[in-house]
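Here is what each chain is made of, one letter per residue.
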Amino acid sequence: MRLTILGGGGFRVPLVYQALLGDRGEGRITSVVLYDTDRTRLASIGSVLRQQADLAPGVAPVVTETTDLDEALRGADFVFSAIRVGGLEGRTIDERVALDLGVLGQETVGAGGIAYGLRTLPVATAIAQRVAAVAPEAWVINFTNPAGMVTEAMIPYLGDRVIGICDSPSGLGRRAALALGLDASQVFYDYAGLNHLGWLRGLQSGGVDHLPALLADSAALGDFEEGRLFGVEWLRSLGSIPNEYLHYYYFARETLAAVQTVEQTRGTFLLEQQSAFYAETARHPSSALELWQKTRAERESTYMVESRAVADAGERDERDMSAGGYEQVALSLMRAIAHNERASLILNVRNRGTLRHLDDDAVVEIPCTVDANGARPVGVSQLTDHQAGLVCAVKAVERSTIEAAATGSRSAAVRAFAWHPLIDSVTAAHQLLDGYVDHLPDLAPFRS
């Protein structure tokens, strides 16, 4: 079977390939095509993958690289979309424009996520149209952020053959289960919301919901990432465990203040780090894998560092980093579809009546059953008033962003910024959009 990775020169692609190396069953991926518009990045990541293959037992998937999109798509069984329109340079602008206006600039939450969406959605929908034309039988697994918004924008062209993934919900569920000593593979996670905006409301195993026991156990609750981030008292007050990205909502002022004091934003850090990696790999291609491993370790250890500083959560625990990332979600999804092996995964799919506060076509992040027919949402408990309020507000933002990207409407773009819970002013919405237009050529159509 053939897997095409769009954004194949991206830094995290070796995680996907490493996961494929562990799959030795029938019908496994035997060919991986990397597509990117940057040949230097492609060559660097191609070198990393081939060195991974050299260390693996047995026959590894053959790796090829191309800068031709149709060539990359032709014959694909699965298409993994992990593009970053504007590169990390764009992310630094997303962050800095917002921070200069006193607004949080995180890349998927709030102003930064809207700016990222405005320049990403036209490219993502163009890709969806090419997939429909060139590889109509392919399944598209979308990890391009903002993942829920991008998935919803691709659905009109691909229907249910595009599925969004994220590793945050499954990582949260596993950490919560392990904190109680449960077998994480045997637990049903009652989780619901949008991408980067969801809550774990139940840990069901053996006919029992174990979440109340976890919330009552101070030692267990404070012993994993989300417990340290949010604090035991707040989690008990909520009666649920939020996705880590909700820290930007629940501790918005503190996080903004912390980010404004650091010498460089997360985007600037990653831009400098990865630029150095690609340059060094170009000079020493035989050391590509070693350089990648070193760079990745530094990247993972500094993840959400400002939020952990606000919460006094300390350094990331090795258990939290080893729970299995999005590459494992992607592999499980591909295996379930390719082999018709029933699997339960938390995915970004159409709501189809699962959450009553949203319409059927709204893309939500919920547990699904997956087999050869794709992903189908399963029943979960309904959102509380608080959860539904946030979810509906952010869904309106997503849809205004999709409308703006599709039509070039400045009015729709301003609405998206103004409606977001982390942006408290229509005036600020206009200023944010103008700031992004001034720095991002892709957003020139929105100039006033």
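As a reminder, the structure under discussion sits directly above these lines.
Computed from a prediction, not measured in an experiment: that's the story for all the values here. (Residues numbered from 1 in each chain as written. Predicted model: local features only at pLDDT ≥ 70, side-chain atom pairs only at ≥ 80, totals over all residues. Heavy atoms only, no water.)

### What to know about the overall build of the chain
- Along the chain, the regular secondary structure elements total 21 helices and 13 strands.
- What you see for the chain is a C-alpha radius of gyration of 21 Å, in line with the 22 Å of a compact globule of 448 residues.
- Overall, the C-alpha framework of the chain stretches about 60 × 50 × 40 Å when taken along its three principal axes.
- The burial tally for the chain puts 58% of its 448 residues in the buried class.
- At a minimum sequence separation of 6, the contacts of the chain that also span at least 24 residues come to 69%.
- Charge separation in the chain, taken as the distance between the mean sites of 39 positive and 55 negative side-chain charges, equals 3 Å. (Helix = DSSP H or I, 4+ residues; strand = E, 2+ residues; numbered from the N terminus. Rg over C-alpha atoms; globule rule 2.2 N^0.38 Å. Buried < 20%, exposed > 50% of the residue type's maximum accessible area, 1.4 Å probe, protein only. Contact = heavy atoms within 4.5 Å. Lys, Arg positive; Asp, Glu negative; His and termini not counted. Charge placed at Lys NZ, Arg CZ, Asp CG, Glu CD.)

### A look at the packing of aromatic side chains
- What the rule picks out here adds up to seven aromatic pairs.
- Taken together, a centroid distance of 6.1 Å and an interplanar angle of 45° make the contact between Tyr-245 and Tyr-248 tilted.
- You can call Tyr-245 buried: its relative accessible area is 8%.
- Ring geometry for Phe-277 versus Tyr-278: centroids 5.1 Å apart, planes at 65°, classification edge-to-face.
- You can call Phe-277 buried: its relative accessible area is 3%.
- Through a chain of ring-to-ring contacts, the aromatic side chains of Phe-11, Phe-277, Tyr-278 and Trp-292 assemble into a single cluster.
- Its end group placed over the ring of Trp-139, Arg-161 keeps NZ or CZ at 4.2 Å from the ring centre. (Phe/Tyr/Trp six-rings, centres within 6.5 Å; stacked < 30°, edge-to-face > 60°. Lys NZ or Arg CZ within 6 Å of the ring centre and 35° of its normal.)

### A closer look at the nonpolar core
- The biggest cluster of nonpolar side chains holds 96 residues, and the ones touching the most others in it are Phe-80, Ile-165 and Leu-347.
- Broken down by element, the residue count for this core peaks at eight residues, all from helix α18 (residues 326-339).
- Residues within four places of Ile-165 in sequence aside, it is in contact with Phe-80, Ile-141, Asn-142, Phe-143, Ala-147, Tyr-326, Val-329, Ala-330, Leu-333, Leu-347 and Asn-348.
- Of all hydrophobic cores here, the second largest spans 29 residues; its members include Ile-127, Ala-135, Met-149 and Ala-405. (Core = buried A, V, L, I, M, F, W, Y, C linked by side-chain atoms within 4.5 Å.)

### Focus: unusual backbone geometry
- Residues Asn-145 and Pro-146 are joined by a peptide bond in cis, for which omega reads -10°.
- Inspection of the secondary structure assignment puts Pro-146 in the loop between β5 (139-142) and α6 (147-158).
- The backbone of His-196 shows a phi angle near 65°, a positive value even though the residue is not glycine.
- Position of His-196 relative to the elements: it lies in the loop between β7 (188-194) and β8 (197-205).

### Side note on the pattern of salt bridges
- All chains considered together, the criterion is met by 23 salt bridges.
- Residues Arg-91 and Glu-107 are paired through a salt bridge, measuring 3.3 Å at the closest nitrogen-oxygen approach. In this pair, Arg-91 is assigned in helix α4 (residues 87-100) and Glu-107 in the loop between α4 and α5 (111-134), connecting sequence segments 16 residues apart.
- Owing to a relative accessible area of 8%, Glu-107 belongs among the buried residues under this scheme.
- One salt bridge connects Arg-283 with Glu-280, and the closest N-O pair in it is separated by 2.5 Å. Here Glu-280 and Arg-283 lie together in helix α14 (residues 266-283), a separation of three residues that amounts to about one turn. (Salt bridge = Lys/Arg side-chain N within 4 Å of Asp/Glu carboxyl O.)

### Notes on the environment of Arg-376
- Counting through the fold element by element, Arg-376 comes out in strand β13 (residues 374-377).
- A relative accessible area of 33% places Arg-376 in the partly exposed class.
- C-alpha of Arg-376 to C-alpha of Asn-351: the two residues are 25 residues apart in sequence and 9.3 Å apart in space.
- In this structure Arg-376 touches Arg-342, Pro-367, Cys-368, Thr-369 and Asp-371, once residues within four positions along its chain are discounted.
- Side-chain polar atoms of Arg-376 contact the side chain of Asp-371, separated by 3.1 Å. (Polar contact = N/O pair within 3.5 Å; in protein donor to acceptor, adjacent residues only side chain to side chain.)

### What about the pairing of β7?
- Most of β7 is tucked away: six of the seven residues are buried.
- Direction of pairing for β7 relative to β8: antiparallel, over a ladder of seven bridges. Note that in β8 the partner of Leu-194 across the bridge is Leu-197.
- Turn length for the β7-β8 hairpin, with the two strands adjacent in sequence and antiparallel, is two residues, and the turn residue His-196 shows positive phi of about 65°. (Pairing = 2+ DSSP bridges.)

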